[in-house]
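Summary of the model geometry
What follows is each chain in one-letter form.
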Amino acid sequence: MGIRQGYSQSTRCGLSSEKPQKPATKSVTAGRRGALTGPVVNVPVWRASTHLYENVAALEAGKSGNHDGRFFYGRRGSPTQWSLAEALTEMEPGADGTMLYPSGVAAIACALLSVLKAGDVLLMTDNAYDPSRSLADGFLKRFGVETRYFDPLITDYDLLFCDRTKAILLESPGSLTFEVQDIPAICLAAKKRNVVTLLDNTWATSYFHTALEKGVDMAILSCTKYIVGHSDVMMGSVTTHKKYWTRLRQTAQQLGQTVSPDDAYLASRGLRTLSVRMKAHETSALQIAKWLQRQPDVAAVFHPALPDCPGHAFWKRDFTGSTGLFSFVHKGDAATAAVFVDALELFGIGYSWGGFESLALPVHPEKYRSVVPWNKAGTLIRLQIGLEDTDDLVADLGQAFARARDV
Ligand SMILES: Cc1ncc(COP(=O)(O)O)c(C=O)c1O
């Protein structure tokens, strides 16, 4: 291996290199920081709180500029965290920087806090992740921000905005009911009114959906999911362009947001295998979703890559793939669905998703809706399809359906 490859340099904010690379290549090469760490493939875990300066002049120089790539104090990160942040920036064309947070929820909260103030109106898609809603209805409300929910499939965007609207939080697809939104059209309408667009892009990641290219201002990830990929780290990120970079960064610093170098190392390690994992999740989940459509106990399957999923046409236009998370309606009541989930042997029962293992749980979108009620008969079950053999997963689902039928 030539030394140049090891020294593949990123700029301070991680702007893409001159040669265009496909996402799979970027996930392998992005974020290598040759200058500080030498020609190694993995930036090592660089644990430190305190940096010692040679003299007072160096101390003063270290403080100035407020940018990464210059060690200042542990809370501002070290090469391990900068490497991951730069890699995530490079994965998102049009981006100028990424901030890391100790969870996806912290990322959503800090992104919103960086653009909102008392008196502002926040628009939020009605299929948003429950903690995003509770942040808005609790914390943000107390600080004088009003949240208005809207139908994720709305087409008349002009109805959404008022003079006080300052930001719009999108989640596409929704992580329980999987409606895909017309992100470019919503962003265009928002931009005309100088409204900031934030997208929870956790389901697809920039690997399958390059959000900033579609007009999004801030692309938010729960890295806990597919970036980490191994169910052993909590982390979030927000990637943005120049216009919002300074305030995003300042807000994170003012709120003391930081991630450990050990966690950043594990997330970088996950990123290196993102492409093979995503393709495997995609193939297996699609096969299982199509199999589920044929089962007598299933009333509907919500998977963005299936034609009858709400917003499928937008998925087809804007995304380059689908991932392992989708849901289906079991025709039985909650008790029958619980028997089905309990009978699964390969699927764990647990929150989260994006790891190598399959998970299942009944979900209740009816509890988290303000303007578009969810009133489908039956019980919604969400599946995360992991990296087990698809045939084994299908057999497991088949025996669980049979067990639930017997009660
Ligand atoms: C769509 C979505 N966004 C954000 C989050 C929050 O991420 P974290 O659990 O890392 O705080 C989750 C977690 O389940 C999620 O499903």
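Residues numbered from 1 in each chain as written. Predicted model: local features only at pLDDT ≥ 70, side-chain atom pairs only at ≥ 80, totals over all residues. Heavy atoms only, no water.

1. So, the side chain of S175
Using the following cut-off: By the criteria applied, helices consist of DSSP H or I runs no shorter than four residues and strands consist of E runs no shorter than two, each listed in order from the N terminus. We call two residues in contact whenever any of their non-hydrogen atoms come within 4.5 Å of each other.
Mapped onto the secondary structure, S175 falls in the loop between β4 (165-171) and α8 (183-192). Once residues lying within four places of it in the same chain are set aside, the contact partners of S175 are N127, Y129, L325, W353 and R382.

2. Examining the pairing of strand β6 (residues 218-222)
If a strand is regular, its side chains alternate between the two faces of the sheet. For the record, the criterion: For the exposure calls, accessible area comes from a 1.4 Å probe over protein chains only, and a residue counts as buried if that area is under 20% of its type's maximum, exposed if over 50%, partly exposed in between. Any two strands are treated as partners once DSSP identifies two or more bridges connecting them.
Judged by how many residues are buried, β6 sits mostly within the fold: five of five residues are covered. Because side chains alternate across β6, one face comprises the buried residues M218, I220 and S222, and the other comprises A219 and L221, equally buried. As defined by bridge partners, strand β5 (residues 196-200) adjoins β6 across three bridges and the pair is classed as parallel. Looking at the pairing, L199 lines up with A219 of β6.

3. Observations regarding the site of the ligand
The criterion, for reference: The cutoff for a nearby residue is simple: one of its non-hydrogen atoms must lie within 4 Å of the molecule or strand. Any N or O atom pair separated by 3.5 Å or less is treated as a polar contact, with the protein-specific requirement of one donor-capable and one acceptor-capable atom, and with residues adjacent in sequence counted only for side-chain atom pairs. Accessible areas in this description were obtained via Shrake-Rupley with a 1.4 Å probe; residue shielding takes into account the shown protein chains only. Residues are grouped as follows: Ala, Val, Leu, Ile, Met, Phe, Trp, Tyr, Cys and Pro are nonpolar; Asp, Glu, Lys and Arg are charged; every other residue, Gly included, is polar.
Around the ligand lies a shell of 15 residues, among which G104, D200, S222, T224 and K225 are the nearest. Contact distances for the ligand include 2.8 Å between an oxygen atom and a backbone N or O atom of G104. A distance of 3.1 Å separates an oxygen atom of the ligand from a polar side-chain atom of Y129. Summarising the interface, the protein chains cover 92% of the accessible area of the ligand, which totals 390 Å² for the free molecule. For the shell around the ligand, the leading source of residues is helix α6 (residues 104-113), giving three residues. In terms of residue class, the shell around the ligand is made up of six nonpolar, six polar and three charged.

4. With respect to the sheet that holds strand β12 (residues 379-384)
Selection rule: In this description, a line fitted to the C-alpha atoms serves as the axis of each element, helices being fitted only across the stretch in contact, and the angle between N-to-C directions of two axes falls anywhere from 0 to 180 degrees.
The five strands lie next to each other as β8-β9-β12-β11-β10, forming an open sheet whose pairing is mixed. Of all strands in the sheet, those bounded by a partner on one side alone are β8 (298-302) and β10 (348-349). Across five bridges, strand β11 (residues 359-363) lies against β12 in antiparallel orientation. Among the inter-strand pairings, V363 is bridged to a residue of β12, identified as L380. Packing of helix α12 (residues 274-293) onto the sheet brings it into contact with β8, β9 (325-330) and β12, and relative to β9 it is tilted by some 10 degrees. Helix-sheet contacts for helix α14 (residues 334-343) involve β9, β10, β11 and β12, and the interaxial angle to β12 is about 20 degrees.

5. As for helix α11 (residues 261-272)
For clarity, the cut-off: Each residue after the first adds 1.5 Å to the expected span of a helix.
With twelve residues, α11 extends 17 Å between its outermost C-alpha atoms, agreeing within 8% with the 16 Å of an ideal straight helix rising 1.5 Å per residue. Buried-residue contacts for α11 involve α2 (23-29), α5 (79-90) and α12.

6. A look at the packing of α14 against helix α15 (residues 390-406)
Think of two packed helices as two axes; the pair is described by the angle between the axes and how far apart they sit. Going by this rule: Any angle between 65 and 115 degrees counts as roughly perpendicular, while under 35 counts as roughly parallel, over 145 as roughly antiparallel, and the rest as oblique. Handedness of each helix crossing follows the sense of rotation of the near helix against the far helix: counterclockwise by less than a right angle gives left-handed, clockwise gives right-handed.
Where α14 contacts α15, the two axes come as close as 8 Å, and the packing angle between them is 140 degrees. Here α14 lies oblique to α15, going by the angle between them. Note that α14 runs across α15; the crossing there is right-handed. Of the residues in α15, those in contact with T336, V339, F340 and A343 of α14 are D396, L397, Q399, A400, F401, R403 and A404. Across the contact of α14 with α15, the residue classes tally to seven nonpolar, two polar and two charged.

7. Some points on the confidence of the model for the protein chain
To keep things clear, this is the line we draw: A residue's pLDDT is simply how confident the predictor is in it, with values from 0 to 100.
Chain-level pLDDT for the protein chain is 92 on average; 92% of the residues reach the 70-or-more range. This model gives residues 1-16 a pLDDT under 50, and the stretch forms 38 contacts once residues within four places in sequence are excluded.

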